[in-house]
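# Summary of structural features
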Amino acid sequence: MFTTKAFIKKTRIGHFLKNVREHYIRDDIFCGLLTCEKCSSSESNLSTTHINKCALFDFNHYLILDTNIILDQMDILEEPILGNVIILHTVLKEVKHRSLPTYKRLNSIIENPSRHFYIFTNDHHKDTYIKQEDGELINDYNDRCIRKSCSWYINHLPNEKFVFLSDDVNNRNIAIKENILACSISDYISNIEEGSVLQDKLFRKDCFIESYTKDIFPPHLSSVDLLMGVKEGKYYQGTFRASKDNFLEGFVSVDAFEDPVILQGRNGLNRAVDGDVVVVEIFPKEEWISPSEIVLEDEGAAEESIDEVERKEKELKRATKKTKDNKPTGKVVGIIRRKWRQYCGILQGGMDGVYQLFIPSDKSIPKIRIETRQVEFLKTQKLIVTIDSWPRHSRYPHGHFVRALGKIGEQNTENEVVLLEHDVPHSQFSEEVLSCLPKLPWIITEEDEKRRVDLRHIDICSVDPPGCTDIDDALHCRQLTENTFEVGVHIADVSHFIRPGTAIDLEAALRATTVYLVNKRIDMVPELLSSNLCSLRGGEERFAFSCIWEMDKNAKILNTRFHKSIILSKAALTYEEAQMIIDDKSKEDSIAMSLRGLNMLAKILKKRRLENGALVLASPEVKIQMDSETMEPLDVEVKKLFETNSMVEEFMLLANISVAEKILQDFPECAMLRRHPIPPSTNFDPLIKACRHLGFDMNIDTGKQLAESLDKAVKPENLYLNTMLRILATRCMLQAVYFASGTVQKDEYYHYGLAVPLYTHFTSPIRRYADIIVHRLLAVTCGSDSTYPDLLDKQKTSHLCQNLNYRNRMAQYAGRASVAFNTHLFFKGKLQDEEGYILYVRKNALQILIPKYGLECTLFLARKGETSNIFEYNEEDQSQKAGNITLHAFDPVKVRLSLDSNNIQHEKFVLQLVSPYIEGFSVPPLEEILDINDDTVKRKSSNEVPKKKTKKKRS
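These lines cover the structure that appears in this document, whether it is placed above or below. (Residues numbered from 1 in each chain as written. Predicted model: local features only at pLDDT ≥ 70, side-chain atom pairs only at ≥ 80, totals over all residues. Heavy atoms only, no water.)

### Concerning the overall build of the chain
Note the threshold: Runs of H or I in DSSP of at least four residues are treated as helices and runs of E of at least two as strands, each being numbered from the N terminus. Both definitions apply: the radius of gyration is a C-alpha atom measure, and the globule rule equals 2.2 Å times residues to the power 0.38. Working definition: with a 1.4 Å probe on protein chains only, accessible area under 20% of the residue-type maximum means buried, over 50% means exposed, and in between means partly exposed. Accessibility throughout is a Shrake-Rupley quantity obtained with a 1.4 Å probe, and a residue counts as covered only by protein chains that appear here. Counting rule for charge: Lys and Arg are taken as positive, Asp and Glu as negative, and neither His nor the chain ends is counted. Lys charges are placed at NZ, Arg charges at CZ, Asp charges at CG and Glu charges at CD.
Summing up its helical and strand segments, the chain has 26 helices and 37 strands in all. For a compact globule of 955 residues, the expected C-alpha radius of gyration is about 30 Å, and the chain comes in at 32 Å, within 12% of that figure. Based on the C-alpha atoms only, the size of the chain along its principal axes is roughly 95 × 80 × 75 Å. In the chain, which comprises 955 residues, the share counted as buried stands at 52%. Carbon and sulfur atoms form 49% of the exposed surface of the chain, whose accessible area is close to 46,700 Å². Charged side chains in the chain number 126 positive and 138 negative. The centres of these two groups are separated by 2 Å.

Here it is in structure tokens:
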């Protein structure tokens with residue numbers, strides 16, 4: 001039996017079309033209860049043994065959920081205590097329409113047989129389907145459908161009990177009048193066993209505290225007013241980004257202005273949270289200001305502590321001046337879309353009662369007010385909390401506890417926080433993914449040998465960091481004639497094992513990249529591939545994709561060829577081992593000659609690249625030595641670089657460029673390429689200003705002129721100055737991104753940092769999904785593989801690129817966060833004097849770079865809440881003066897370094913100026929720096945260098 005649904009649809013050109021859909025009604029749909037004798041039995045997850053206990057009902061029962069329960073209370077539904085839950089198809093459709101992430105979370109519960117959730121297709125059952133009445137709103141119709149199904153279950157199975165959970169008061173009241181047992185989720189949860197714990201996880205949309213008597217923030221405009229204002233040009237829409245240095249400042253990028261719009265103070269930010277899509281009102285031009293040069297941290301200890309904010313707002317106002325470089329300034333008048341997520345962090349100490357403040361790990365997120373009945377336990381834990389609402393009478397947003405991750409400070413807990421905060425997929429690979437792996441023992445067959453070029457006779461080797469097990473690349477160089485060389489870059493053929501559309505391919509596409517933490521690696525593909533079958537290990541036969549050039553002695557490419565191959569790496573070397581072989585003139589074997597040939601050609605390639613305008617930038621990168629048994633950091637040091645680092649880099653760059661040219665030639669519309677956009681000139685303002693004060697002219701008109709200016713910016717008395725300028729230049733750059741060739745103009749393909757017109761990623765397919773796509777494209781051009789529809793769809797490639805760009809960015813941030821945590825761990829209880837350099841001069845602080853540890857820390861020039869009576873800030877030349885001593889950016893200083901662990905969430909380094917010595921600004925005594933009551937802390941004198949732990953030999 002079927003019925004029809006008709007609706008009118010307006011076309012783009014203004015015509016109206018009548019659409020008629022057939023809606024099939026059936027009488028054989030199973031109710032899901034295994035005790036039912038009326039329905040034809042079918043598969044069901046509902047259980048005859050699970051018991052739902054609630055003090056409101058003195059009988060076991062099944063639960064039927066309203067849509068709002070699923071949309072708001074997924075953290076409760078994911079708790080295993082709730083079972084025998086019936087999800088109506090009407091509800092499921094509405095959830096999918098309103099929130100796809102929630103729909104996916106719900107499906108994962110439904111698919112878990114131990115949770116006993118069942119989908120009842122009520123809208124196709126002859127007894128539960130009802131027609132929508134003329135003029136009836138879709139929400140009212142859905143509510144009617146849900147209540148109809150509840151009544152049907154009650155009549156269909158009179159010996160069973162059903163409870164309808166809804167937070168819609170009107171729908172619940174009507175249900176009760178229709179003799180349906182109904183209650184709210186909060187009433188239900190508070191009356192079950194373990195309810196006190198679950199109450200912490202309740203989503204509370206409207207949370208009002210009676211003690212609040214006035215609004216703290218201005219009201220937001222309605223959606224209609226916001227959209228109308230944007231349409232008329234009165235307001236502007238953009239994404240809000242909070243400052244990490246100043247909790248009372250934020251920025252919104254809008255298309256109408258070249259510079260981000262500055263927002264300051266409570267009224268300016270108006271409850272916007274980092275990532276929200278907001279609408280801003282721009283102030284008149286005479287009210288525009290420059291970004292503040294002040295560092296302000298939120299020290300608020302309670303919900304009502306508004307006085308502290310008002311004081312800091314006044315401090316910010318005094319520190320903010322109007323200059324000739326004023327930027328667009330405005331205020332948030334409304335929120336278009338919230339981008340709230342789950343946040344990791346800890347509870348703030350020193351608070352009583354059920355209301356607590358949660359401090360997120362991400363400093364750009366405000367503290368969150370939560371309600372909890374397990375304070376003592378949660379104070380020891382890293383938590384996940386989500387935001388529910390931010391009423392204008394509350395200083396902080398309101399949220400609820402989701403789950404505990406583990407004890408604060410433990411390595412596994414902190415790694416989990418890093419991964420969650422940076423949205424890194426890190427669950428175990430599913431059985432479906434693992435089933436795609438080749439069976440062991442894996443062997444190379446005769447058929448494989450026929451399809452590939454056999455290069456096992458060539459002396460190929462790999463050069464990587466120590467301890468590397470996912471070896472993507474290997475190289476070789478052999479002299480053909482007196483003036484010509486054959487050079488090969490051989491890349492692991494991961495695409496042979498990962499076929500398009502398989503479970504392992506979809507998982508790799510989702511993860512997009514391997515993430516490297518200090519003591520852990522989150523692989524993009526399972527370990528059997530990443531560290532074994534695809535890793536080009538020494539002495540083992542492997543499949544590779546080879547890029548081979550014939551070059552003359554001036555590194556000019558005479559011809560290039562690509563093919564799939566079989567290789568046998570003769571050695572897996574570290575950078576240091578390869579350098580020692582090159583430098584040892586007594587070594588004349590084939591590997592030594594190959595490395596020397598590669599090194600000679602690489603130097604020529606690099607010289608030519610730099611002459612073309614490629615930038616040599618810098619960032620403070622450190623390596624952390626870990627104790628293999630305790631996994632505690634033993635030492636922190638700047639990474640040591642060898643000539644061989646540059647040698648490998650040059651040939652990887654060349655291979656990527658060669659492959660980019662080839663795939664664009666054959667796939668002009670859908671080649672996956674990588675571009676580095678030219679930064680806006682305003683990005684370089686901090687660099688230009690800093691160089692001007694140093695007496696250098698920084699020309700930024702082209703990348704080549706910038707490179708030449710950086711090369712000239714040298715002072716013999718400050719050897720680290722040039723490195724700091726390059727660090728500053730790095731921060732002026734835009735992010736390099738993947739893109740599909742047919743989606744941007746050809747003049748935008750340019751890679752600014754490398755100064756090349758075309759670039760892609762081909763050389764690391766074990767750890768980057770982009771390289772797998774490039775391998776597939778190249779395989780088609782070589783005739784080694786066939787194409788498939790998604791590979792040739794530029795829109796799908798473009799959508800894939802968005803995920804790749806996001807995941808790569810998050811992986812970078814996660815790696816840095818892991819280094820930061822372990823550096824903090826290394827410094828606990830230590831006190832050291834270190835050489836540093838002033839990177840930025842602020843109005844109330846100095847940003848100090850300590851090269852030895854790659855640290856960038858803030859040295860405050862006055863105690864919290866006070867103004868310095870020693871230092872005088874000069875805005876013109878960005879300096880701080882104390883007596884006859886003037887401190888400028890890039891000046892060398894000596895600082896006393898210690899770790900402040902009072903705020904466990906945001907542990908930070910405390911710096912005291914040792915040299916130059918400034919009268920009245922002396923280094924505090926040890927007791928003020930280290931916690932002398934903590935017996936676990938060993939105090940050290942300021943000149944004592946931390947000793948490395950020596951490993952005990954195992955007996």
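The discussion continues.
### What to know about the packing of helix α18 (residues 575–583) against helix α19 (residues 590–611)
Think of two packed helices as two axes; the pair is described by the angle between the axes and how far apart they sit. Worth spelling out the cut-off: Each axis is a line fitted through C-alpha atoms, and for a helix only the stretch in contact is used; angles between axes span 0 to 180 degrees, taken between their N-to-C directions. An angle below 35 degrees is read as roughly parallel, one above 145 as roughly antiparallel, one from 65 to 115 as roughly perpendicular, and any other as oblique. For this analysis, residues touch if any pair of their heavy atoms sits within 4.5 Å. By the convention adopted, Pro, Cys, Tyr, Trp, Phe, Met, Ile, Leu, Val and Ala count as nonpolar, Lys, Arg, Asp and Glu as charged, and the other residues, Gly among them, as polar.
Where α18 contacts α19, the two axes come as close as 9 Å, and the packing angle between them is 95°. With respect to α19, the element α18 is oriented roughly perpendicular. Only Ala-592, Leu-595, Arg-596 and Asn-599 of α19 make contact with α18, whose side of the interface consists of Ala-578, Ile-581 and Ile-582. Within the contact of α18 with α19, the residues separate by chemical class into 5 nonpolar, 1 polar and 1 charged.

### Things to note about helix α25 (residues 794–827)
The condition that has to hold: Expected helix span is taken as 1.5 Å per residue step, with the number of steps being one fewer than the number of residues.
Compared with the 50 Å implied by 1.5 Å per residue over 34 residues, the 50 Å span of α25 between its first and last C-alpha is a close match. A positive phi of about 80° marks Gly-829, the residue just after α25.

### So, the pattern of salt bridges
For clarity, the threshold we go by: The rule for a salt bridge is simple: a side-chain nitrogen of Lys or Arg has to be within 4 Å of a carboxyl oxygen of Asp or Glu.
Under the defined criterion, the tally for this structure stands at 54 salt bridges. Residues Arg-241 and Asp-274 are paired through a salt bridge, measuring 3.3 Å at the closest nitrogen-oxygen approach. A residue pair is termed long-range when its members are at least 10 positions apart, and Arg-241 in strand β8 (residues 236–242) and Asp-274 in the loop between α10 (265–269) and β11 (277–282) qualify at 33 residues. The buried category is assigned to Asp-274, whose relative accessible area is 18%. In this structure, Asp-454 and Arg-456 form a salt bridge, with 2.7 Å as the shortest nitrogen-oxygen distance. Each of Asp-200, Arg-204, Glu-371 and Arg-373 takes part in salt bridges that share partners, so that together they form one network.

### So, the pairing of β11
Condition: A pair of strands is considered paired only if DSSP assigns at least 2 bridges between the two.
For β11, the buried fraction is high: 5 of the 6 residues fall into the buried class. Note that β8 and β11 share 4 bridges and pair antiparallel. By the bridge assignment for β11, Gly-238 is matched with Val-278. Of the strand pairs in this sheet, β11 and strand β12 (residues 329–337) are connected by 6 bridges, and their pairing is antiparallel. Pairing of Val-278 across the sheet is with Ile-335, part of β12.

### Considerations on the packing of aromatic side chains
Note the following rule: Note on aromatic contacts: the rings of Phe and Tyr and the six-membered ring of Trp form a pair at centre separations within 6.5 Å, being stacked when their planes are under 30 degrees apart, edge-to-face when over 60 apart, and tilted otherwise. Only Lys NZ and Arg CZ are tested; either one counts as a charge over a ring when it is within 6 Å of the ring centre and within 35 degrees of the ring normal.
Scanning the model with the defined rule gives 21 aromatic pairs in all. On the basis of an interplanar angle of 45° and a centroid distance of 5.2 Å, the ring pair of Tyr-153 and Phe-162 is categorised as tilted. Taking the relative accessible area as the measure of exposure, Tyr-153 reaches 0% and is therefore buried. What makes Phe-162 buried here is its relative accessible area of 4%. Between the aromatic rings of Tyr-236 and Phe-257, the centroid separation amounts to 5.4 Å while the plane-to-plane angle is 65°, which identifies the pairing as edge-to-face. Of this pair, Tyr-236 sits in strand β8 while Phe-257 sits in the loop between β9 (249–253) and β10 (261–264); the two residues are 21 residues apart in sequence, bridging distant segments of the chain. The class of Tyr-236 is partly exposed, set by a relative accessible area of 25%. In this structure an aromatic cluster arises from ring pairing among Tyr-62, Phe-120, Trp-152, Tyr-153 and Phe-162. The ring of Phe-739 has Arg-675 sitting right over it, with the charged end atom 5.7 Å from the ring centre.

### With respect to the side chain of Asp-472
Looking at the secondary structure, you find Asp-472 in the loop between β19 (460–464) and β20 (473–479). Residue classification places Asp-472 among the buried residues on the basis of a relative accessible area of 4%. With residues up to four places along the chain from it excluded, the contact list for Asp-472 reads His-490, Ile-491, Ala-492, Leu-536, Thr-763, Ser-764, Pro-765, Ile-766 and Arg-767.

### Section: the sheet that holds strand β5 (residues 117–120)
The 5 strands lie next to each other as β5-β4-β3-β6-β7, forming an open sheet whose pairing is parallel. With one partner strand each, in any of the chains shown, β5 and β7 (182–183) form the two edges of the open sheet. Pairing analysis gives 2 bridges linking strand β6 (residues 162–165) to β7, with the strands arranged parallel. Bridge pairing in β7 links Phe-164 to Ala-182. The strands that helix α4 (residues 100–110) touches are β4 (85–88) and β5; relative to β5, the one it contacts most, it runs at about 110°.

### Observations concerning unusual backbone geometry
Generally, phi is negative for residues other than glycine and the peptide bonds are trans, each holding for most cases. With an omega of 0°, the peptide bond running from Leu-440 to Pro-441 counts as cis. Mapped onto the elements, Pro-441 comes out in the loop between α14 (431–434) and α15 (446–451). For the bond running from Ser-915 to Pro-916, omega is 5°, close enough to zero to count as cis. Within the secondary structure, Pro-916 sits in the loop between β37 (908–915) and α26 (926–929). The phi dihedral of Asn-179 is positive, around 65°, even though this residue is not glycine.

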